[in-house]
Amino acid sequence: MISRLSTDLHEDIGKILIDEATLAARISELGAQISADYSGKDLMLVGILKGCTLFLADLVRAITVPLSFDFVAVSSYGADTKSSGVVRILKDLDESVESKHVLVVEDIVDTGLTLRLSYLLENLRSRRAASVKVCTLLDKPSRRRVDVTVDYRGFQVEDQFVVGYGLDYQGRYRSLPYVGVLKPEVYGGG
Ligand code: 5GP
């Protein structure tokens, strides 16, 4: 439960880690890199809902080669699924990935379990995608439990829970235009 709800989301933020200008500059670089790498290829971005949405919306506008995009939703895992590795696909793609160069877009790669254990990457490859790569806005390598290759990374972050720019805490804070950390009292601590 959120112990104290503020009427202004910004007031719940203890520290801004990545501000809007820094996000925009890095996403512009990623867009240029992806445009160069996928020139002449049939590119399809696959966003993992819901955290990817703000990042994907800005990223596609920074990519200059033709592309399509679609979304998948996977079940978030609890204690059981963390060890068993069972993550279900809740919303599948509407379009076929066959012979397309797929770039999976994530908000943050933390333990790596969502990407690996959802079988998402293997699943996409088995549908005969021409290639499957991963682009994540944030990467927390210190928390990794399974090996996931991140092909494009916006920023590396320390082992702390971040919100904003698509990332939520209990459904809130996704709409913040920057990435930050919450004040401890928002978690009921402090
Ligand atoms: P993984 O499967 O790599 O452990 O976790 C990926 C998912 O966990 C992300 O897509 C995100 O939904 C959630 N997650 C991991 N770390 C954070 C974090 O610091 N903040 C928020 N808001 N979500 C996180």
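None of these values were measured; they are calculated from a predicted model. (Residues numbered from 1 in each chain as written. Predicted model: local features only at pLDDT ≥ 70, side-chain atom pairs only at ≥ 80, totals over all residues. Heavy atoms only, no water.)

Undergrad: What am I meant to see in the pairing of strand β3 (residues 67-74) here?
TA: Taken together, the 6 bridges between strand β2 (residues 43-48) and β3 define a ladder with parallel strand orientation. If you follow glycine 47 over to β3, its bridge partner there is phenylalanine 71. Read from β2 through helix α2 (residues 53-62) to β3, the crossover connection turns out right-handed. Pairing geometry for β3 and strand β4 (residues 89-91), over 2 bridges, is antiparallel. Bridging across to β4, valine 74 finds its partner in isoleucine 89. (Pairing = 2+ DSSP bridges. Helix = DSSP H or I, 4+ residues; strand = E, 2+ residues; numbered from the N terminus. Right-handed = clockwise from strand over helix to strand, strands pointing away.)

Undergrad: Would you explain α2 in this entry?
TA: Listed in full, the buried residues belonging to α2 are Phe55, Leu56, Leu59 and Val60. End-on view of α2: buried residues confined to an arc of 125 degrees, all on one side of the axis. The elements touched by buried residues of α2 are α1 (20-37), β2, β3, β5 (101-109) and β6 (131-139). (Buried < 20%, exposed > 50% of the residue type's maximum accessible area, 1.4 Å probe, protein only. Arc of directions from axis to C-beta. Contact = heavy atoms within 4.5 Å.)

Undergrad: I would appreciate a short explanation of α1 in the present structure.
TA: An α-helical turn contains 3.6 residues, so any two residues separated by three or four positions project in the same direction. Taking 1.5 Å as the rise per residue, α1 with 18 residues should run 26 Å; its terminal C-alpha atoms sit 26 Å apart, in good agreement. Among all positions of α1, only Leu23, Ile27, Leu30, Gly31, Ile34 and Ser35 are buried. Angular distribution of buried residues about the axis of α1 spans 135 degrees; they occupy a single face of the element. Set apart from the buried face of α1 by more than 90 degrees, the exposed residues are Ala21 and Ala36. (Expected span 1.5 Å × (residues − 1).)

Undergrad: What is the right way to read the packing of α1 against α2 from this model?
TA: Axis angle and axis distance: for two packed helices, these are the angle between their axes and the distance between the axes, and together they describe the pair. Contact geometry of α1 with α2 gives a least axis separation of 8 Å together with a crossing angle of 55 degrees. As summarised for this structure, α1 and α2 are arranged oblique, according to the angle between their axes. Considering how the two elements wind past one another, α1 and α2 form a crossing that is right-handed. Of the residues in α2, those touching α1 at Ile27, Ser28, Leu30, Gly31, Ala32, Ile34 and Ser35 are Phe55, Asp58, Leu59 and Ala62. When the residues that make up the contact of α1 with α2 are grouped by side-chain class, the tally is 7 nonpolar, 3 polar and 1 charged. (Axes fitted to C-alpha atoms, helices over the stretch in contact; angles between N-to-C directions. Parallel < 35°, antiparallel > 145°, perpendicular 65-115°, else oblique. Left-handed = near helix turned anticlockwise from the far one by under 90°. Nonpolar A, V, L, I, M, F, W, Y, C, P; charged D, E, K, R; others polar.)

Undergrad: Before we go on, may I ask you to explain the pattern of salt bridges in this structure?
TA: Should the charged atoms of two oppositely charged side chains come close, the side chains can pair. Overall, the coordinates contain 14 salt bridges when judged by the stated rule. Residue glutamate 29 is joined to arginine 26 by a salt bridge in which the shortest nitrogen-to-oxygen separation is 2.7 Å. Of the two residues, glutamate 29 and arginine 26 both sit in helix α1, 3 residues apart, roughly one turn of that helix. Residue glutamate 29 is classed as partly exposed on the basis of its relative accessible area, which comes to 48%. As a salt-bridge pair, aspartate 92 and arginine 127 come within 3.0 Å of each other at their nearest N and O atoms. (Salt bridge = Lys/Arg side-chain N within 4 Å of Asp/Glu carboxyl O.)

Undergrad: So what exactly am I meant to see when it comes to the packing of aromatic side chains here?
TA: Within a pair of aromatic rings, the relevant descriptors are the distance that separates the centres and the angle that separates the planes. In this structure the tally under the stated criterion is 4 aromatic pairs. Ring plane angle 75 degrees and centroid distance 5.9 Å describe the contact between phenylalanine 69 and phenylalanine 71, whose orientation is recorded as edge-to-face. Ring centres 6.5 Å apart and planes at 75 degrees place the aromatic pair phenylalanine 161 and tyrosine 187 in the edge-to-face group. Within this pair, whereas phenylalanine 161 is found in the loop between β7 (152-156) and β8 (179-182), its partner tyrosine 187 is found in the segment after β8, the two being separated by 26 residues in sequence. The class for tyrosine 187 is partly exposed, based on a relative accessible area of 32%. (Phe/Tyr/Trp six-rings, centres within 6.5 Å; stacked < 30°, edge-to-face > 60°.)

Undergrad: Please clarify how the nonpolar core should be interpreted in this entry.
TA: When a protein is soluble and globular, its nonpolar side chains tend to lie buried together. Formed by 29 residues in total, the largest nonpolar core has its most connected members in Ile34, Leu45, Phe55, Leu59 and Leu138. When residues of this core are traced back to their parent elements, those giving at least two are α1, β2, α2, β5, β6, β7 and β8. Those residues in contact with isoleucine 34 that sit more than four places away from it in its chain are Leu43, Leu59, Ile63, Leu103, Cys135 and Tyr152. Counting 21 residues, the second largest nonpolar core, distinct from the first, contains Ile48, Val109, Leu113 and Ala129. (Core = buried A, V, L, I, M, F, W, Y, C linked by side-chain atoms within 4.5 Å.)

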